[in-house]
Amino acid sequence: MDTFPDLGSLSDQELKEVIAQLTDEEMEISYKRRILHGKIDILRAELVARLQKTGGRSILADVNVESLTEILAGKASPPSE
């Protein structure tokens, strides 16, 4: 982040330029924020639609957690070819 300028050392024109620059930067950031909020809204809507399809059931409900734990810990027997 840029340091804040010494206001006493800036001319009126330089102050106007700093204001314009910061205003442009704020508009750009605001635009990006609105785009991100839109993407978040779309993702949330997709998640709600999926949960409604499954009745709120998690996709992990059918996972054998004990078996997965053994596999990840390296305790499971190697797969047969």
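Structural data are supplied above this passage.
Structural notes, computed from the coordinates. Source: prediction; values computed, not measured.

Section: a nonpolar patch on the surface
(1) Moving on: On the surface, Val63, Val65, Leu68 and Leu72 cluster together into a nonpolar patch covering about 370 Å² of accessible area.
(2) Moving on: As for its placement among the helices and strands, Val63 is situated in the loop between α1 (12–54) and α2 (65–73).
(3) Moving on: A residue is classified by how much of its surface remains accessible, and Val63, at 35% relative accessible area, is partly exposed.

Digging into the side chain of Ser30
(1) Moving on: Its place among the elements puts Ser30 in helix α1.
(2) Moving on: Separated by 2.9 Å, the side chains of Ser30 and Arg34 make a polar contact.

Let's talk about the pattern of salt bridges
(1) Moving on: Taken as a whole and judged by the stated rule, the model has two salt bridges.
(2) Moving on: Here Lys32 and Glu28 are joined by a salt bridge, their closest N and O atoms 3.5 Å apart. With Lys32 and Glu28 both in helix α1 and four residues apart, this pair spans about one turn of that helix.
(3) Moving on: According to the relative accessible area criterion, Lys32 is partly exposed, its value standing at 47%.
(4) Moving on: One salt bridge connects Glu46 with Arg50, and the closest N-O pair in it is separated by 2.8 Å. Here Arg50 and Glu46 lie together in helix α1, a separation of four residues that amounts to about one turn.
(5) Moving on: Given a relative accessible area of 40%, Glu46 falls into the partly exposed group.

About the cut-offs
Residues numbered from 1 in each chain as written. Predicted model: local features only at pLDDT ≥ 70, side-chain atom pairs only at ≥ 80, totals over all residues. Heavy atoms only, no water. Patch = residues over 30% accessible without salt bridge, like charges linked within 9 Å, V, L, I, M, F, W, Y side chains within 5 Å. Areas by Shrake-Rupley, 256 points an atom, 1.4 Å probe, with all protein chains shown as cover. Salt bridge = Lys/Arg side-chain N within 4 Å of Asp/Glu carboxyl O. Helix = DSSP H or I, 4+ residues; strand = E, 2+ residues; numbered from the N terminus. Buried < 20%, exposed > 50% of the residue type's maximum accessible area, 1.4 Å probe, protein only. Polar contact = N/O pair within 3.5 Å; in protein donor to acceptor, adjacent residues only side chain to side chain.

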